[in-house]
Amino acid sequence: MPNENILIVDDEEINLKILINYLVSAGYDVDTAGNGAEAVQKSKGCRPDLIILDVMMPVMDGYQACSLIKTDRETKNIPVIIATALDDRESKLKGLEAGANDFLSKPIDKAELTIRVRNLLKIKKFEDFMLRHNQILEKEVLERTQDLQNMSKEMVWKLTTAAEFRDTVTGDHISRIGYYSNKLAVAMDLPVDVVETITFSSRLHDIGKIGIPDSILLKPGTLTRDEFEIMKTHTAIGEKILSGSTYPKIQIAAAIALTHHEHWGGGGYPAGLKGEEIPLAGRIVMLADIYDALRCQRPYKPAFDHEKAFRVITAGDGRTMPEHFDPAVLKAFKEIAPSFGEIFEEHQ
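Residues numbered from 1 in each chain as written. Predicted model: local features only at pLDDT ≥ 70, side-chain atom pairs only at ≥ 80, totals over all residues. Heavy atoms only, no water.

Peer 1: In this structure, what is going on with the overall build of the protein chain? I would like to understand it.
Peer 2: Each helix and strand counted, the protein chain has 14 helices and five strands in total. Taking 348 residues into account, the globule formula puts the C-alpha radius of gyration at 20 Å, and the protein chain, at 34 Å, lies well above it. Along the longest, intermediate and shortest principal axes, the C-alpha atoms of the protein chain span 100 × 35 × 35 Å. Expressed as a percentage of the 348 residues in the protein chain, the buried residues total 43%. Residue pairs at least 24 apart in sequence account for 61% of intrachain contacts in the protein chain once pairs closer than 6 positions are excluded. Taken as a whole, the protein chain presents about 18,600 Å² of accessible surface, with 55% of it coming from carbon and sulfur. Side chains of the protein chain give 42 positive and 53 negative charges; the mean places of these two sets differ by 4 Å. (Helix = DSSP H or I, 4+ residues; strand = E, 2+ residues; numbered from the N terminus. Rg over C-alpha atoms; globule rule 2.2 N^0.38 Å. Buried < 20%, exposed > 50% of the residue type's maximum accessible area, 1.4 Å probe, protein only. Contact = heavy atoms within 4.5 Å. Areas by Shrake-Rupley, 256 points an atom, 1.4 Å probe, with all protein chains shown as cover. Lys, Arg positive; Asp, Glu negative; His and termini not counted. Charge placed at Lys NZ, Arg CZ, Asp CG, Glu CD.)

The following block contains the structure:
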């Protein structure tokens, strides 16, 4: 095992020789510096286990050097002993303010030097052990957190797959909604964590269709008024499935499930909310959902190409109108519309 390395900083050659003799005879490796600036540089380059620092030096004094060493993230854990002939209270307080761990009075006594160095190195060994231990724990926590996140994402995919199995007409509709919603959230310059949450949660928007009877969900023709009223309940069913969670992403997913058929100007369902009464995530997913529905074949309409779907959303066709959408979401859609076409083609 290599010996501990001690950096001795002093501009007086005689002082350096005395300390070198004391420390080498005690079994330590030593390095030297002639002023505070050199000490700061060597503390980062050589990473000594301990520094013995004189106060009165040219270029940079010991107090300033100690302060720089102790405020640098890379070197702050290196113990520093200030060696000085100054024995007044103010000088010691100044050293403590600079971050010094201990003091030695000149002329330096060999026995006192050996004990103080040994004690500080023991403390540093323990601190180094705790630092490594904490780093290992942090790594394990991060790995465990990643495992839980992966599991959560997989569970969402399993749930969305279950919904897709019951609604074969939509194909990869649920997957595409996540990609569309991500693009819109990014284009609206939302915070990264919000973008991630909306991307994750949007895929559960139609989970409530699990509760819709096959005779309605899979009906090849146009739904009757009563059947459509039942179909509309998938929003409340989805919210009920997802509600009660303590996890923010699932809470947002519940809000999306309930509100992704609401209209900015009112008249949507299930509650007829208006404007900002509708959660932002619901407003984003609502446009994404309508775009994809326009691109897909339905019993009541053929599949539209990208250009026609864009015109319907931005100009309206009577059934779908621009005032149905949050103006900010609609603006973002207009700016990035080509990416929607690319997503649809890539994820059919």
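The structure having been displayed, the exposition proceeds.
Peer 1: Help me understand the packing of helix α12 (residues 280–295) against helix α13 (residues 306–315), please; the structure alone is not making it clear to me.
Peer 2: Helix-helix packing is characterised by the crossing angle of the two axes and by the distance between the axes. Packing of α12 against α13 brings their axes to within 9 Å, and their N-to-C directions diverge by 135°. Considered as vectors, α12 and α13 are oriented oblique to each other. The hand of the α12/α13 crossing is right-handed. Where α12 approaches α13, its residues L287, I290, Y291, L294 and R295 are matched on the opposing element by H306, A309, V312 and I313. Across the contact of α12 with α13, the residue classes tally to seven nonpolar, one polar and one charged. (Axes fitted to C-alpha atoms, helices over the stretch in contact; angles between N-to-C directions. Parallel < 35°, antiparallel > 145°, perpendicular 65-115°, else oblique. Left-handed = near helix turned anticlockwise from the far one by under 90°. Nonpolar A, V, L, I, M, F, W, Y, C, P; charged D, E, K, R; others polar.)

Peer 1: For this particular structure, what's the right way to read unusual backbone geometry?
Peer 2: In most cases, non-glycine residues show a negative phi, while peptide bonds are predominantly trans. Of note, the amide linkage connecting K106 to P107 takes the cis form, showing an omega dihedral of -5°. Here P107 is to be found in the loop between β5 (102–105) and α5 (110–165). For R47, which is not glycine, the phi dihedral falls at a positive 50°. Assignment of secondary structure puts R47 in the loop between α2 (36–45) and β3 (50–54). In this structure R47 comes out as partly exposed when scored by relative accessible area, which is 43%. Look at V59: it is not a glycine, yet its phi comes out positive at around 70°. With respect to the helices and strands, V59 occurs in the loop between β3 and α3 (62–71).

Peer 1: Which parts of the structure should I look at to understand the nonpolar core?
Peer 2: As a rule of thumb, soluble globular proteins bury nonpolar side chains together. Residues Y180, L184, I284, L287, I313, F333 and F340 are the most contacted members of the largest nonpolar core, which totals 33 residues. Looking at this core, the elements that each hand over two or more residues are α6 (173–187), α7 (192–202), α12, α13 and α14 (327–346). With sequence-adjacent residues up to four places away left out, L287 is seen in contact with L184, I313, F325, V329, L330, F333 and F340. Among the nonpolar cores identified, the runner-up in size contains 20 residues, and L7, I51, A65 and I69 belong to it. (Core = buried A, V, L, I, M, F, W, Y, C linked by side-chain atoms within 4.5 Å.)

Peer 1: So what exactly am I meant to see when it comes to the pattern of salt bridges here?
Peer 2: Note on pairing: side chains with opposite charge can pair once their charged atoms come close. Taken as a whole and judged by the stated rule, the model has 19 salt bridges. Residue D292 is joined to R176 by a salt bridge in which the shortest nitrogen-to-oxygen separation is 2.6 Å. In this pair, D292 is assigned in helix α12 and R176 in helix α6, connecting sequence segments 116 residues apart. This pair shows no difference in class: D292 is buried, exactly as R176 is. We note a salt bridge from K331 to E335, for which the minimum N-O separation is 2.7 Å. On the criterion of helical spacing, the pair formed by K331 and E335 is a turn pair, its members being four residues apart in helix α14. (Salt bridge = Lys/Arg side-chain N within 4 Å of Asp/Glu carboxyl O.)

Peer 1: Mind showing me how you'd approach the side chain of T199 here?
Peer 2: Note on placement: T199 falls in helix α7. At 3.0 Å, the side chain of T199 forms a polar contact with the side chain of N182. Not counting residues within four places of it along the chain, the set of residues in contact with T199 comprises G178 and N182. (Polar contact = N/O pair within 3.5 Å; in protein donor to acceptor, adjacent residues only side chain to side chain.)

Peer 1: Could you clarify how one ought to interpret a nonpolar patch on the surface in this entry?
Peer 2: A surface patch of nonpolar side chains, amounting to about 290 Å² of accessible area, comprises L148, M151 and M155. Tracing the backbone shows M155 in helix α5. By relative accessible area, M155 is classed as partly exposed at 49%. (Patch = residues over 30% accessible without salt bridge, like charges linked within 9 Å, V, L, I, M, F, W, Y side chains within 5 Å.)

Peer 1: Before we go on, may I ask you to explain the packing of aromatic side chains in this structure?
Peer 2: Any two aromatic rings considered together are summarised by their centre-to-centre distance and by the angle between their planes. Tallying each qualifying case throughout the model produces seven aromatic pairs. Arranged with centres 4.6 Å apart and planes meeting at 15°, the rings of Y180 and F340 form a pair that is stacked. Here F340 lies in helix α14 and Y180 lies in helix α6, a separation of 160 residues in the sequence. The class of Y180 is buried, set by a relative accessible area of 0%. Note on F340: relative accessible area 0%, which makes it buried. For the pair Y291 and F340, a centre-to-centre distance of 5.1 Å together with 85° between the ring planes defines the contact as edge-to-face. With Y291 in helix α12 and F340 in helix α14, this residue pair connects regions lying 49 residues apart in the sequence. (Phe/Tyr/Trp six-rings, centres within 6.5 Å; stacked < 30°, edge-to-face > 60°.)

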